[in-house]
Amino acid sequence: MKTFVFDLYNTLIDIRTDEHREQSWAPIVDFFAERGIKTDWQTLCALYDECWKKHLDELYESSEYAYPEGDILCVYKGIAKSLGGELDDETATECAVKARFASIVHLRLFDGIKELFEKLKTRGAKLYLLSNAQASFTYKEIEECGLSGAFDGFLLSSECGCRKPDPKYFGMLFDKYGLDKRDAVMVGDDTVSDGMGAADFGIMYVKADGGAAAHAAELIALADRK
């Protein structure tokens, strides 16, 4: 088996965030104040949940996908609009990055990931990333964790309009890079988005609870399989 498709968060990157605390919203209170929009962290926290739900509800009504993916930039634009302000793409991205950074409790690459990748590559494996993630900040986190250039290809859900477990999202990756289902395995921590998605698409699944490197022996054995 030579095609390994990895989930990102809690599979390769160990992360915990908390979007419902004052510390996560204090920088955004200041961000809006600098633009003449007065608010407080509790209001922002409530609007974040409200605008995400509204955004996703609208997508489920109009999208061609069973599991549409939202764009967090639309959420922050919606928050600003609710407060009587306006954000363009550039300022919405700046806002999203600030909020994400403030919400992180911890973020690090799981121990053993780079070593696992090297062992897979020496066996001729190709590594791909299929993540339910927001492009506005995920690229920065991939770089921060030392994974830039680690993959032979990748897709982020916010750039595709759909997310795992939608088989169409898997299909986008396989079509883009000309991959063969018969030679592929999905590696991820979530039995629904990763496991059910892989099953519906028709590829093997390895549950990577505790991070992919904790399952190195199984993955290397798959890479050695003829």
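Numbering of residues begins from 1 in every chain and follows the order in which that chain's sequence is written. Per-residue local features of the predicted model are confined to residues with pLDDT of at least 70, and side-chain atom pairs are confined, for both listing and counting, to 80 or more; whole-chain, interface and lining totals are unaffected and use all residues. Excluding hydrogens and water, the side-chain figures rest on all heavy atoms present in the structure.

On to the overall build of the chain. Secondary structure counts use DSSP, requiring at least four H or I residues in a row for a helix and at least two E residues in a row for a strand, with both numbered from the N terminus. For the chain, the count of helices and strands is nine helices and seven strands. Seen through its principal axes, the chain has C-alpha atoms that stretch 65 × 35 × 25 Å. Burial analysis of the chain (226 residues in total) assigns 50% to the buried set. Two residues qualify as a contact provided that any one of their heavy atoms is within 4.5 Å of a heavy atom in the partner residue. Long-range pairs, those at least 24 residues apart, make up 69% of the contacts in the chain between residues at least 6 apart in sequence. Exposure was quantified through the Shrake-Rupley algorithm and a 1.4 Å probe, taking into account, for residues, occlusion by the shown protein chains and nothing else. About 10900 Å² of surface is accessible on the chain, with carbon and sulfur atoms providing 49% of the total. Think of it this way: Lys and Arg go in the positive column, Asp and Glu in the negative one, and His and the chain ends go nowhere. Charge positions come from single atoms, namely NZ of Lys, CZ of Arg, CG of Asp or CD of Glu. Between the averaged position of the 27 positive side-chain charges in the chain and that of its 40 negative side-chain charges there is a distance of 5 Å. For every residue, the accessible area (1.4 Å probe, protein chains only) is compared with the maximum for its type, and the residue is labelled buried under 20%, exposed over 50%, or partly exposed between those bounds.

Quick look at the layout of surface pockets now. Space inside the largest pocket adds up to approximately 570 Å³. Detection works on a 1 Å grid of protein atoms alone, calling trapped sets that fit a 1.4 Å probe cavities and calling open sets with protein on both sides within 12 Å along at least five of seven lines pockets, with lining residues defined by an atom within 4 Å of a point. Around the largest pocket, the lining is made up of 23 residues, and of these Glu19, Tyr48, Arg100, Gln134 and Phe137 lie nearest the centre. If you list the elements that add at least two residues to the lining of the largest pocket, you get strand E2 (13–17), helix H1 (22–33), helix H2 (41–62), helix H3 (72–82) and helix H4 (89–103). Counted as a void, the second largest pocket has a volume near 230 Å³. What lines the second largest pocket is simply Glu50, Cys51, Lys54, His55, Glu58, Cys74, Val75, Lys77, Gly78, Lys81 and Ser82. Of all the secondary-structure elements, those providing two or more residues to the lining of the second largest pocket are H2 and H3. Residue contributions to the lining of the second largest pocket peak at six residues, all from H3. Amino acids are sorted into nonpolar (Ala, Val, Leu, Ile, Met, Phe, Trp, Tyr, Cys and Pro), charged (Asp, Glu, Lys and Arg) and polar (every other residue, Gly among them). Of the residues in the lining of the second largest pocket, the class split is three nonpolar, three polar and five charged. Grid points are joined across faces, edges and corners, and a volume is the space filled by probe spheres set on the points.

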